[in-house]
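Coordinates in review
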Amino acid sequence: MRHVIVGASVLLAGSLVSLGVADVAVADTDGHRAGPLETVCVAIPDATAGDVAIVNTTVVDPSGAGYATAHNEVSNPTWRSSVNFAPNATTPNLTLTVVTAELEVCVTPSWSTTSHFVMDLVGLVDGSAMTASEGGAARLLDTRLGAAPVAPGATVCVGVPGTADAQEPTIAIVNTTVTEPETASFITVHADRDHVPATSSVNFAAGQTVANLAFQPLSAAGTLCATAADHGSVHVLFDLIGTLDADAFARPDNGSRRILDTRLVDGPTAGQAVAEGGRVCVEVPDAHPGDVVMMNVAVTEPQGLGFATVHADGAVADATSTHNFAVGQTVANLTATELGVDRRICATPSVTATAHFVFDYLGAIDGAVFSGPPNGALRILDTRELDELPARLGDPDLVFGLSCDELLVGYQDAAIAELEQWGTVGQTELPSTGGDTDAPAGGTAEFSNTNTQFADVDEGDVVETDGTVVYESGSVFDQAANAHLVQINVVDVASRSLLSTFTLYDRSNASMILYGDRLVVATHSTIGTATFVDLFDVSNPAAIQLVRPSTMLDGHLQAMRSVSGKVRLVLVSQRWLWDLFVTVQVDERHAAIRDTTIDDWLPHRMQFADDWAITPAQRAVDCEQIGVPRIMQPGSTTYVAEIDASSDGAVIGAVGVASSTYSVTASADHLFLSSYRAHQQFGWFGFDGGTISELHMFDLSPSAPAAYRGSAEVPGSLLNQFAIGEHDGVVRVAVTNGWWGPGTSSAVFALRITANGLERISGVADLGVGERIFAVRHVGPISYVVTFRQTDPLYVVDFTNPDLPVLQGELKIPGFSAYLHPAEGGMLIGVGQDANEFGVAEGAQISLFDVSVPSNPRRVDTVDFGSGTHIEGDHHAFLYWQPTGTIAVPVYGVGASRIDFVRVSGGDLTKIASVPFDEACDYPRRTIALGEQFVLVGKARMVFVDADSFAVTKEVTLRSFDSWCW
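Below: a short report on this structure.

What counts, and at which threshold
Position labels on residues start from 1 in each chain and follow its written sequence. Per-residue local features are limited, in this predicted model, to residues with pLDDT of at least 70; the limit for side-chain atom pairs, both in listing and counting, is 80 or more; totals at the level of whole chains, interfaces and linings are taken over all residues. Calculated side-chain values reflect all of the structure's heavy atoms, with hydrogen atoms and water omitted. Two strands qualify as a pair provided DSSP detects at least 2 bridges between them. Helix and strand assignments follow DSSP, with helices taken as H or I runs no shorter than four residues and strands as E runs no shorter than two, numbered in order from the N terminus. Orientation is described by axes fitted as lines to C-alpha atoms, over the contacting stretch for helices, and by angles from 0 to 180 degrees between their N-to-C directions. Salt bridge, as used here, is a side-chain nitrogen of Lys or Arg placed within 4 Å of a carboxyl oxygen of Asp or Glu. Think of a 1 Å grid over the protein atoms and nothing else: a 1.4 Å probe that fits but is trapped marks a cavity, an open set flanked by protein within 12 Å on at least five of seven lines marks a pocket, and residues with an atom within 4 Å of a point count as lining. Grid points are joined across faces, edges and corners, and a volume is the space filled by probe spheres set on the points. Gly counts as polar in this scheme, as do all residues outside two lists: the nonpolar Ala, Val, Leu, Ile, Met, Phe, Trp, Tyr, Cys and Pro, and the charged Asp, Glu, Lys and Arg. Think of it in three bands: residues with accessible area under 20% of the maximum for their type are buried, residues over 50% are exposed, and the middle band is partly exposed, with areas taken using a 1.4 Å probe on protein chains only. Under this definition, polar contacts are N or O atom pairs within 3.5 Å; protein pairs additionally need one hydrogen-donor-capable and one acceptor-capable atom, and for neighbouring residues in sequence, both atoms have to be side-chain atoms. Any pair of residues with heavy atoms lying within 4.5 Å of one another is described as a contacting pair. Note on disulfides: each one is a pair of cysteine sulfur atoms within 2.5 Å. Buried Ala, Val, Leu, Ile, Met, Phe, Trp, Tyr and Cys residues that are joined via side-chain atoms within 4.5 Å together make up what is termed a nonpolar core. Side-chain rings of Phe, Tyr and Trp (the six-membered ring for Trp) are treated as a pair once their centres are within 6.5 Å; stacked means planes under 30 degrees apart, edge-to-face means over 60, and tilted covers the remaining angles.

A few words now on the sheet that holds strand β22 (residues 306-312). Spatially, 4 strands are ordered β20-β25-β22-β23 in an open sheet, and the strand pairing comes out antiparallel. The open sheet has two edge strands with one neighbour each: β20 (280-283) and β23 (323-325). If you compare each strand with its neighbour and ignore which way they point, the axes differ by 15° on average. Across 3 bridges, β22 lies against β23 in antiparallel orientation. What sits directly across from Gly306, in β23, is Phe325.

Next up, the structure:
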């Protein structure tokens, strides 16, 4: 995984810009903020792998409360905090990070907040003097796992692996976090239960989560302890960064030592606070010039809003801030300061406030194993100075404009890398190369349309109607012709009779879109993986005519969408070249792959002539129009083919992606392709493993081909097309990482559409821990998310302010909903399964939820069906006819299928009728509301039903099955 790498040379190295609260007003208008879980990495000058970078990391102007984690490329940035902060607060903290082979350190904000980051390099500790924890940090202690916090005055201890009975004493470098404290207080980190120094390691307020580093010499038993002050209980977490050789760390006698407290009358300020812009200095005992002094410094009793800087005597005091505070607030922070020749350490408050200072000296790192910048600190990152942050989780933007030769090398490299890893052709890293709402369609007052995600975007379906004629498609096997075929039946509504039938041979699985008097039909080839596209003139339904003979396109049809007659087909072509692995010897396969040409990998299209002769194959999409991701999936190409239904039906390949596609979402303005890949380095939801989903956005225009707009990556996988929603220029994405178990979690991200593509701005996490998403629906600014394992939590997440989303409500009930559909009056319809206490499904069920009060979602009624329903996997099978509040549900059972009708009235659901489909091959597929009747479309027949009595008024035979259903 790659992150954005910011070299120190492009930053304000050594900048004297201070990080005080006074800068917050301008920070929001400059630079580029990091979004939720968006990792920024920065190069460390003069570092070697294994060194430990001491960095003062400052969070500037965060959009909400949260935390940030300093880490390296191989450590998990989500299960520990380095800096905890409140909204809009500027908060620094000292961080230590082991430098990996990438020679960089990284910082990642938590969920649901965006922030600027400033990182100041204090210096490097030679890796030979330190043993680093594997993965960058190791969790030693989390009292939350034992349920009981550390009681007032109590001590909790834990062993540090590999240090008990060590030949040489060691220093533990531990990131210490306190959380859920009862009252304002502090804890002390120390070596054993018998000796608790009179110093503080972490200071905190009631309910606050605070992290701080500790440098703690270990006892002979190798223990590390934390003692809570007498004021209240608190949970404590230890994350071990590593251990430092004791020879490289000199500490004062008897452990930590208080060397300054300006509140004391016998101190250097005679008990007076340090004036605004003034300073107080103290000589560090037993330290030497060039040593790095580790000191816990507390600012207390400030008389204004401001910041302070701890620095060496003679250094520039405003090079960075080490403390930011409000009136009366006590703020403690670990500081690292390289001593000058006079061995004095100073503290300087800003010009806005007086304050008292307390110095607790922990010890000094020997200058022989430390190297620091000449001026004491080097500014290596300031996101306020960046024009853009182009790569977050990785580098998802597609590269266009490659020549065919360059593209061929990419396909070949991907195939060879997969062959070497798995023995067959997955994915590899490509070398670097130079609708406004999604309210569902409900139809007019006269008839219903295809049930779609967005009201103004049509979706391909097996049934289409204009209110006077119903077009139905279905697959059969013609025994006489020994061929699979697709029949398109045209049924007149007024006479309720079959007008005509059109047959397409060697086809299956038709998907249709009706626009005016044109019908676009896409079918799958029964030989290979090609897709056929046909355009019909249906101005005379009794004799529909082909506008032009079929176009054959390489690939499987993934989705079919249409806006105002501009039809887009998303196809996935898989060129696996299996013959290379069947006919070619193992030791010759690499050479065989290198012998391939670009036409062996690219999808093609072929046009049938009027006499049904096939014209020569052409590339379905040009090389320059294929976007190449950093991770190519060998042999996979997703591309968008376009048809203007009002024109001559010519198929145009607009744009492609050298990747497979898992789901497709299309609003009136944008098309989103999503794919996912295994994420091998670390988990984003607090556990190892998981997936990363890539989103590629394309602009849609009625007058121009689809055009690439930008990409983004989100941790986790998407359920289906409903996982993505678009509203007021913000895209929301619901994801789950993991499968089952305690490590599984779900979230909803918000990404703003900008001139540069997609910018992640917020997220809401920890939805359904241990469960997976089973249904999502984004309606206006609200996201409804259903997760399930044994119960069905329905989450209501409010993105009215997309920068600060709010989890408004949660409802836990048995079972789950697999499809959600908004209804009037603040109601939400859920179709899914009832379940017992063990999470075992017990039959189809419709639930009616009252979500009019987002903070209090309620299930107000249910209807059980005792069987399954096609709606769970096919939302086109669902009908909600708003004029009469009627729901039609196709139900399947053993030997008997039916369509049940349910009436929604206020907060009640009532089953009002059932129409059977008893024949084995005649299962129900669609229901259409048409004036005073409902049209029920099955596999073998079309049934007309009176809308009031639900009596069957007419049946039309569509097709017969001689022996078996297909």
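Another point: the pattern of salt bridges. In total, this model carries 32 salt bridges according to the counting rule given. With its nearest N and O atoms 3.1 Å apart, the salt bridge here joins Asp699 to Arg709. Here Asp699, found in strand β49 (residues 691-701), pairs with Arg709, found in strand β50 (residues 704-715); they are 10 residues apart in sequence, far enough to count as distant. Ionic contacts of the salt-bridge type, sharing partners, join the residues Asp120, Arg379, Asp382 and Arg384 into one network.

This next bit is on empty space enclosed by the protein. In this structure, the largest cavity spans a volume of roughly 250 Å³. Lining the largest cavity we find 22 residues, and of these Val310, Thr320, Ala336, Gly376 and Ala377 sit closest to its centre. Secondary-structure elements contributing two or more residues to the lining of the largest cavity are β8 (116-125), β22 and β24 (331-338). Partitioning the lining of the largest cavity into residue classes produces 10 nonpolar, 10 polar and 2 charged.

Let us look at the side chain of Glu642. Examined against the element boundaries, Glu642 turns out to sit in strand β45 (residues 636-644). Overall, the relative accessible area of 4% leaves Glu642 in the buried class. A polar contact is formed between the side chain of Glu642 and the side chain of Arg568, at a distance of 3.4 Å. One polar contact links the side chain of Glu642 to the main-chain amide nitrogen of Ala706, over a distance of 2.6 Å. The residues contacting Glu642, other than those within four sequence positions of it, are Lys566, Val567, Arg568, Ala650, Val651, Ile652, Ala654, Ala704, Pro705 and Ala706.

Here the focus is the pairing of strand β65 (residues 886-893). Across the 8 residues that make up β65, a large majority, 6, are buried. Inspection of the sheet shows strand β64 (residues 879-881) paired to β65 by 3 bridges, in the antiparallel sense. Residue pairing in the sheet places Trp881 in a bridge with Thr886 of β65. Counting the residues that bridge the hairpin from β64 to β65 gives 4 residues, and of these Gly885 lies at a positive phi of roughly 65°. For β65 and strand β66 (residues 896-905), the ladder comprises 8 bridges, and the chain directions are antiparallel. When the bridges of β66 are listed, Val891 appears paired with Arg898.

A word on the sheet that holds strand β35 (residues 507-515). Sheet architecture is open: 6 strands sit in the order β35-β36-β37-β38-β41-β42, paired in antiparallel fashion. Edge strands, defined here as strands with exactly one partner in the open sheet, are β35 and β42 (618-619).

Attention shifts here to the state of the cysteines. With the rule as written, the count across this model stands at 4 disulfides. A disulfide bridge connects Cys281 with Cys346, and the sulfur atoms are separated by 2.0 Å. Given an S-S torsion of about 105°, the disulfide between Cys281 and Cys346 has right-handed geometry. One end of the pair, Cys281, is in strand β20; the other, Cys346, is in strand β25 (residues 344-349), with 65 residues separating them in the sequence.

This part takes up the nonpolar core. Leu407, Tyr411, Val520, Val567, Leu569 and Ile598 are the most contacted members of the largest nonpolar core, which has 36 residues in total. Mapped by element, the contributors of at least two residues to this core are α2 (404-422), β36 (518-525), β37 (531-537), β39 (556-563), β40 (566-574) and β45. It is α2 that provides the largest number of residues to this core, a total of 8 residues. Not counting the four nearest positions on each side in its chain, Val567 is found in contact with Ile513, Val520, Met560, Arg561, Ser562, Ala641, Glu642, Ile643 and Ala645. One finds Val98, Ile171, Ile173 and Phe215 within the second-largest nonpolar core, a separate group that totals 26 residues.

Turning to the packing of aromatic side chains, a few remarks are in order. The final tally for this structure, using the stated rule, is 14 aromatic pairs. Each ring, one from Phe215 and one from Phe249, has its centre 5.5 Å from the other, and the planes form 25°; the classification is stacked. Remark: Phe249 occurs in strand β18 (residues 249-250) and Phe215 occurs in strand β15 (residues 210-217); sequence separation between them is 34 residues. On the basis of relative accessibility, which here comes to 2%, the residue Phe215 falls in the buried class. Relative to Phe950, the ring of Phe901 lies with its centre 4.7 Å away and its plane at 45°, an arrangement referred to as tilted.

Of note in the backbone geometry, Asn88 takes a positive phi value of approximately 65° without being a glycine. By secondary structure assignment, the location of Asn88 is in the loop between β5 (83-85) and β6 (91-98). Classification of Asn88 by relative accessible area gives partly exposed; the value is 49%.

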